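# Analysis of the macromolecular model
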Amino acid sequence: MESLYEFAGGDEALHRLEEIFYDKALADPVLSQVFPERRPTHVDHLTWFTAESFGGPGRFSRELGFAYLIDRHRGLKITDEQRQRFVEVYLESLDEAGLPADEKFREAVRQHVEFGARVAQQNSHAETDEQLHPLREVPHWTW
């Protein structure tokens, strides 16, 4: 069976998705508290993470590692409103990026984003390593 990465359209489609999402997040009054400024490498890092999660190349793990992701979220104190808005904006971005409207694909993406947002929220409040979510590697998402 084709991976989510292949079905989505590979790096080009995922990069387009992450660029659209990131622009929306920077402009969103709720998410701009978590994304206060444009970082030149952020879209690439988001693309690498999503690609690897969906069965594509393992660049995120090779180039950055999961500890990088944990460190990026620590101290952000993500609220429930911000977590929910992240999911909403991400899912809205799928259409604008021209990703497949296939129901099973969209459900897999929704589950992935909701899971990731919960992990990020938990890690954003962790004051000790024991309070972090136990996930320590890029999750591999499938249909």
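Structure's up top.
Reference entry: report on the structure contained in this document.

The rules behind the values
- Residues numbered from 1 in each chain as written.
- Predicted model: local features only at pLDDT ≥ 70, side-chain atom pairs only at ≥ 80, totals over all residues.
- Heavy atoms only, no water.
- Helix = DSSP H or I, 4+ residues; strand = E, 2+ residues; numbered from the N terminus.
- Rg over C-alpha atoms; globule rule 2.2 N^0.38 Å.
- Contact = heavy atoms within 4.5 Å.
- Areas by Shrake-Rupley, 256 points an atom, 1.4 Å probe, with all protein chains shown as cover.
- Lys, Arg positive; Asp, Glu negative; His and termini not counted.
- Charge placed at Lys NZ, Arg CZ, Asp CG, Glu CD.
- Core = buried A, V, L, I, M, F, W, Y, C linked by side-chain atoms within 4.5 Å.
- Buried < 20%, exposed > 50% of the residue type's maximum accessible area, 1.4 Å probe, protein only.
- Axes fitted to C-alpha atoms, helices over the stretch in contact; angles between N-to-C directions.
- Parallel < 35°, antiparallel > 145°, perpendicular 65-115°, else oblique.
- Left-handed = near helix turned anticlockwise from the far one by under 90°.
- Nonpolar A, V, L, I, M, F, W, Y, C, P; charged D, E, K, R; others polar.

### Comments concerning the overall build of the chain
Within the chain, the secondary structure is distributed over seven helices and zero strands. Overall, the chain shows an N-to-C arrangement of helices and strands of α-α-α-α-α-α-α. Against the 2.2 N^0.38 benchmark of 15 Å for 143 residues, the chain shows a C-alpha radius of gyration of 14 Å, consistent with a compact globule. Projecting the C-alpha coordinates of the chain onto the three principal axes gives extents of approximately 40 × 30 × 30 Å. Counting contacts in the chain only where the partners sit at least 6 residues apart, residues at least 24 apart contribute 68% of the total. Carbon and sulfur atoms make up 50% of the accessible area of the chain, which amounts to about 7,700 Å² in all. Taking the 16 positively charged and 27 negatively charged side chains of the chain as two groups, their mean positions are separated by 2 Å.

### A word on the nonpolar core
One finds Leu14, Leu17, Phe21, Phe35, Phe54, Leu99 and Val109 to be the most contacted residues of the largest nonpolar core, which totals 29 residues. Mapped by element, the contributors of at least two residues to this core are α1 (4-8), α2 (10-27), α3 (42-53), α6 (80-96) and α7 (103-125). Discounting chain neighbours no more than four positions away, the residues touching Leu14 are Tyr5, Ala8, Thr47, Thr50, Ala51, Phe54 and Leu99. The next biggest cluster of nonpolar side chains, apart from the first, holds 10 residues, and it includes Phe49, Ile70, Leu132 and Val138.

### Points about the side chain of Ser124
By the element assignment, Ser124 lies in helix α7. For Ser124, a relative accessible area of 0% puts it in the buried group. Every residue in contact with Ser124, bar those within four places of it in the chain, is listed here: His73, Arg74, Gly75, Leu76, Lys77 and Ile78.

### A few points about the packing of α6 against α7
Between α6 and α7, the least distance of the axes is 10 Å, while the angle of their chain directions is 150°. Between α6 and α7, the angle falls in the class roughly antiparallel. As for the relative orientation of α6 and α7, their crossing is right-handed in sense. Between α6 and α7, the residues in contact are Asp80, Arg83, Phe86, Val87, Tyr90, Leu91, Leu94 and Asp95 and Arg106, Val109, Arg110, Val113, Glu114, Ala117, Arg118 and Gln121, respectively. Here the residues of the contact of α6 with α7 are counted per class, giving eight nonpolar, one polar and seven charged.

Shape is all these values report; function is a separate question.
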